[in-house]
Amino acid sequence: MSGALTVPALPAGAPRRRPGARWADEAYRRGLGALALLVFVVVALIVYEIARGAGPSIRAFGWHFLVGTEWDPVADRYGALPYVFGTAVSSGLAMLLALPLGLGTAIYLAELAPHRVDQAVSFVVELLASIPSIVYGIWGLFVLAPLLRTLVEPWLIQHFGFLPLFQGFPFGIGMLNAGIVLAIMVVPTIASLSREILLATPPSLREAALALGATRAEAIAVAVDAARPGILGAVILALGRAVGETMAVTMVIGNSNRISASLLAPGSTMASVIANEFTEATGALYLSALVEIALVLFALTLVMNAFARLLVLWATGGRSDAAGAA
Amino acid sequence: MKPEIRIRTHDFDLFYGAHHALKSVSLEVPANSVTAIIGPSGCGKSTLLRSFNRMNDLIPGVRVRGRVELSGLDVYAPGTDVVELRRHVGMVFQRANPFPKSIFENVAYGLRLLGVNRRAELEARVETSLRRAALWEEVRDRLGRSALALSGGQQQRLCIARALAVEPEVVLMDEPASALDPTATARVEELVLELKSRYTIVVVTHNMQQAARISDTTAFMMVGELVEVGETRSLFTRPRQKLTEDYITGRFG
């Protein structure tokens, strides 16, 4: 048979589509498209507003803003180094503590745990990620701080007090507390993403290693090695979260603007100083300096997140939903 | 003179949970020759192959009964060191599975597991293995490059080189050419013929022509049972079993 298909004519009384129906689809598509586009508009507006607000501070201090250590609202002179330092130290400490815990959990779940244990623990790990940060803050303040003050920090001072890292007075709140709270907050990110990345590496790699006489641990090492770029992505994503975390850190870090070598000393991060001082920033330049910190924080986390997500997507061959959800 | 037997199974049964995958298989694999295992999909030929180096242990719920001997060693005895066993049995898989490392490090991997770390020794043994796998001339000037950049056929020969590097007695190949194009398949087949003077080779294949071309002994399996085993030429020309005849003449499978 050849030729075009013929459409049989509808019988006389058959229901017909309204003439406008075909345009409804088009309008629906465009309407939703516009809503999706709105996301880009919102991001662009945020960048524009922050950059505009930071303008006076940028003009007044230039690059010196990032290296200056003076933060003096009375004299209207602002340098953000103590906060950059605080963010770096608290996040760095968090990563140092969270990496072994998160990666160890991921390896256990992906490679060794029985299916039911994997399901149960993965569920709890994801749950951990959904706890509001204020709850972590309260825990840090009322549970962790007394524990650090009465037990951990005196012990550290007694045994490792010769290191500048552990000198000073055991306040309970400070860099150490912030680092521990942040570590617990980012473990789910590292653990669940790394688990997924390990599950995405081909089982044939482990088989090849085992067939060559590798032990279970050696075969797993091959898989972890293959997953390294993705795991690095997970770690950077977690770092991005730690860098930007505000509420919990503000509650437990002690809010001092001094740079101290000691982890026991109180400090501040970029996020925490904004939260603390925004409501009382009366001068125009004071407000602008805080907004400039926000700009730096925004740029930093944006770059880290973009880079990390690309790594994770690449490592999981685009299969990971978590790269978008974390 | 009767040839030396490298692998011997005796009344060997294997169960995946309730599924009886291998039924009382008794097979002898002569040393320094190529033995092909053929049969329709799901007949248990890969399972049997993976029983020789206990790769089935990885699957939860596997039980075995009966004996497998490799050079006289009781493979499933409680005291057998599986890691040690696998060092004597090389394995090549259906899909080339090089590690995401350099060509050199792929071949050196098994040696490093054995504690070989001297650069000169590694280099010598990597070269020997790559030569035996007929890959040396193609990769000698790019050993540091990623193995994943090689073609599919080269990757499979690299996997063979990797298996040979630790000097196994036996090389097990699980449909080693099924994912390759005809040219690459021909190269792998030539290689198998070259290797049999040194190693005992067992090849699982669903390709009967391939079995006829490369093997000395052929074993035919169906639904978990070893139907017939014999010298390849006679099995293909004068099969003793009706089932074998039906299969090789293409009446099913």
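Calculation rules
- Residues numbered from 1 in each chain as written.
- Chains lettered and ligands numbered in written order.
- Predicted model: local features only at pLDDT ≥ 70, side-chain atom pairs only at ≥ 80, totals over all residues.
- Heavy atoms only, no water.
- Helix = DSSP H or I, 4+ residues; strand = E, 2+ residues; numbered from the N terminus.
- Contact = heavy atoms within 4.5 Å.
- Core = buried A, V, L, I, M, F, W, Y, C linked by side-chain atoms within 4.5 Å.
- Buried < 20%, exposed > 50% of the residue type's maximum accessible area, 1.4 Å probe, protein only.
- Expected span 1.5 Å × (residues − 1).
- Bend = angle between axes of the 7 residues up to and from the residue.
- Axes fitted to C-alpha atoms, helices over the stretch in contact; angles between N-to-C directions.
- Nonpolar A, V, L, I, M, F, W, Y, C, P; charged D, E, K, R; others polar.
- Lys, Arg positive; Asp, Glu negative; His and termini not counted.
- Salt bridge = Lys/Arg side-chain N within 4 Å of Asp/Glu carboxyl O.
- Pairing = 2+ DSSP bridges.
- 1 Å grid on protein atoms, 1.4 Å probe; cavity = no way out; pocket = protein on both sides within 12 Å on 5 of 7 lines; lining within 4 Å.
- Points joined across faces, edges and corners; volume = space filled by probe spheres on them.
- Parallel < 35°, antiparallel > 145°, perpendicular 65-115°, else oblique.
- Left-handed = near helix turned anticlockwise from the far one by under 90°.
- pLDDT = per-residue confidence, 0-100.
- Buried area = accessible area lost by both parts, 1.4 Å probe.
- Polar contact = N/O pair within 3.5 Å; in protein donor to acceptor, adjacent residues only side chain to side chain.
- Phe/Tyr/Trp six-rings, centres within 6.5 Å; stacked < 30°, edge-to-face > 60°.
- Lys NZ or Arg CZ within 6 Å of the ring centre and 35° of its normal.

**Here's the deal with the environment of Leu297(A)**
Residues and elements named next belong to chain A.
- By the element assignment, Leu-297 lies in helix H12 (residues 284-315).
- In the structure, Leu-297 is positioned 26 residues away from Ala-271 in sequence and 7.6 Å away in space, judged by C-alpha atoms.
- With residues up to four places along the chain from it excluded, the contact list for Leu-297 reads Val-243, Met-270 and Ala-271.

**Digging into the nonpolar core**
- By size, the foremost hydrophobic cluster in this structure holds 63 residues, and its most contacted members are Phe65(A), Trp71(A), Tyr78(A), Tyr83(A), Leu176(A), Val181(A) and Ile293(A).
- Broken down by secondary-structure element, the contributors of at least two residues to this core are helix H3 (81-112), helix H5 (133-160), helix H6 (175-200), helix H8 (216-226), helix H9 (228-244), helix H10 (247-252), helix H11 (270-277) and H12 of chain A.
- Sort the elements by how many residues they give to this core and H6(A) lands first, with 13 residues.
- Excluding residues that lie within four positions of it along the chain, Val181(A) makes contacts with Tyr136(A), Trp139(A), Gly140(A), Leu144(A), Ala248(A) and Val252(A).
- Residues Ala209(A), Ala219(A), Leu49(B) and Val202(B) belong to the second largest nonpolar core, which totals 42 residues.

**Remarks on unusual backbone geometry**
- If you check the backbone angles, Asp76(A) has positive phi at about 55° while not being a glycine.
- By the secondary structure assignment, Asp76(A) is in the loop between strand S1 (71-72) and strand S2 (77-78).
- The backbone of Asn32(B) sits at a positive phi, close to 50°, despite the residue not being glycine.
- Along the chain, the position of Asn32(B) falls in the loop between strand S2 (19-30) and strand S3 (34-38).

**Considerations on H5(A)**
All names here are of chain A.
- The terminal C-alpha atoms of H5, which comprises 28 residues, lie only 31 Å apart, well short of the 40 Å expected from a rise of 1.5 Å per residue.
- Maximal helix bending in H5 amounts to about 50°, located at Leu-148.
- Taken residue by residue, H5 has Ser-133, Tyr-136, Gly-137, Gly-140, Leu-144, Ala-145, Leu-148, Glu-153 and Leu-156 as its buried positions.
- Its buried side turned inward, H5 meets helix H4 (115-129), H6 and H10.

**Regarding the packing of H8(A) against H9(A)**
Residue and element names in this part refer to chain A.
- The interhelical angle for the contact between H8 and H9, taken along N-to-C directions, is 65°, at an axis separation of 5 Å. Of the residues in H9, those in contact with Val-224, Asp-225 and Ala-226 of H8 are Arg-228, Pro-229 and Ile-231.
- Across the contact of H8 with H9, the residue classes break down as four nonpolar, no polar and two charged.

**Some points on the side chain of Glu153(A)**
Residue and element names in this part refer to chain A.
- Relative to the helices and strands, Glu-153 resides in helix H5.
- In this structure Glu-153 is buried but unpaired, with Arg-149 as the nearest side chain of opposite charge at 7.8 Å.
- Filtering out sequence-adjacent residues up to four positions away, Glu-153 remains in contact with Leu-148, Phe-169, Pro-170, Phe-171, Gly-172, Leu-176 and Leu-264.

**Some words on the sheet that holds strand S7 (residues 170-174) of chain B**
Residue and element names in this part refer to chain B.
- The six strands are arranged S6-S7-S8-S3-S9-S10 in an open sheet whose pairing can be described as mixed. Of all strands in the sheet, those bounded by a partner on one side alone are strand S6 (89-92) and strand S10 (225-231). The mean angle between the axes of side-by-side strands here comes to 15°, regardless of whether they run parallel or antiparallel.
- Summarising the sheet, S7 and strand S8 (residues 200-204) pair through five bridges and their orientation is parallel. Looking across to S8, one finds that Val-171 is bridged to Ile-201.
- The sheet contacts of helix H6 (residues 152-164) involve S6 and S7, and relative to S6 the element is tilted by about 170°.

**Thoughts on empty space enclosed by the protein**
- Scanning the model with the defined rule gives one cavity of 30 Å³ or more in all.
- Elements with a contribution of two residues or more to the lining of the largest cavity: helix H7 (203-211) of chain A together with S6 and H6 of chain B.
- When its residues are assigned to classes, the lining of the largest cavity shows five nonpolar, one polar and one charged.

**Details of the sheet that holds strand S4 (residues 62-70) of chain B**
All names here are of chain B.
- Reading across the sheet, the four strands line up as S2-S1-S4-S5 and stay open at both edges, with antiparallel pairing between neighbours. Pairing within the sheet leaves two strands with one partner each, and these edge strands are S2 and strand S5 (73-74).
- Here strand S1 (residues 5-16) pairs with S4 via eight bridges, running antiparallel. What sits directly across from Leu-14, in S4, is Val-64.
- Together, S1, S2 and S4 form the strand contacts of helix H1 (residues 45-52), whose direction differs from that of S1 by roughly 120°.

**Focus on the packing of H9(A) against H12(A)**
Residues and elements named next belong to chain A.
- Contact geometry for H9 and H12: axes closest at 7 Å, N-to-C directions at 155°. If you check the angle between H9 and H12, you find them roughly antiparallel. Crossing hand, H9 versus H12: left-handed. On H12, the residues that touch Pro-229, Gly-230, Leu-232, Gly-233, Ala-234, Ile-236, Leu-237, Leu-239, Gly-240, Val-243 and Gly-244 of H9 are Leu-297, Leu-300, Thr-301, Met-304, Asn-305, Phe-307, Ala-308, Arg-309, Leu-311, Val-312, Trp-314 and Ala-315.
- A breakdown of the residues in the contact of H9 with H12 according to their chemical character gives 16 nonpolar, six polar and one charged.

**A few points about the confidence of the model for chain A**
- Here chain A shows a mean pLDDT of 89. Residues at 70 or above account for 93%.
- Here residues 321-326 of chain A is modelled with pLDDT under 50, and outside its nearest four sequence neighbours on either side it reaches 13 contacts, counting other chains as well.

**So, the interface of chain B and chain A**
- Each side of the interface is counted separately: chain B has 20 residues, and chain A has 15 residues.
- When the two sides are added together, the surface that chain B and chain A hide from each other amounts to roughly 1500 Å², 67% of it contributed by carbon and sulfur.
- When the area that chain B buries against chain A is broken down by residue, the three leading residues are Phe99(B), Tyr109(B) and Leu113(B), summing to 28%.
- Linking chain B with chain A are two salt bridges, by the criterion used here.
- Across the pair Arg50(B) and Glu207(A) runs a salt bridge whose closest N-O atoms are separated by 2.3 Å.
- The tally of links between chain B and chain A comes to four residue pairs in polar contact (both at pLDDT 80 or more).

**What to know about the packing of aromatic side chains**
- Across all of its chains, the model carries 13 aromatic pairs over all chains by this definition.
- With a centroid separation of 5.0 Å and 70° between ring planes, the pair formed by Trp71(A) and Tyr78(A) is classed as edge-to-face.
- Among the residues examined, Trp71(A) registers a relative accessible area of 8% and is labelled buried.
- Taking 6.4 Å as the distance between ring centres and 40° as the angle between the ring planes, the aromatic pair formed by Phe160(A) and Phe162(A) counts as tilted.
- Residue classification places Phe160(A) among the partly exposed residues on the basis of a relative accessible area of 31%.
- Grouping aromatic residues by their ring pairs yields a cluster made of Phe61(A), Phe65(A), Trp71(A), Tyr78(A), Tyr83(A) and Tyr286(A).
- Positioned above the aromatic ring of Phe104(B), the side-chain terminus of Arg119(B) is 4.4 Å from the ring centre.

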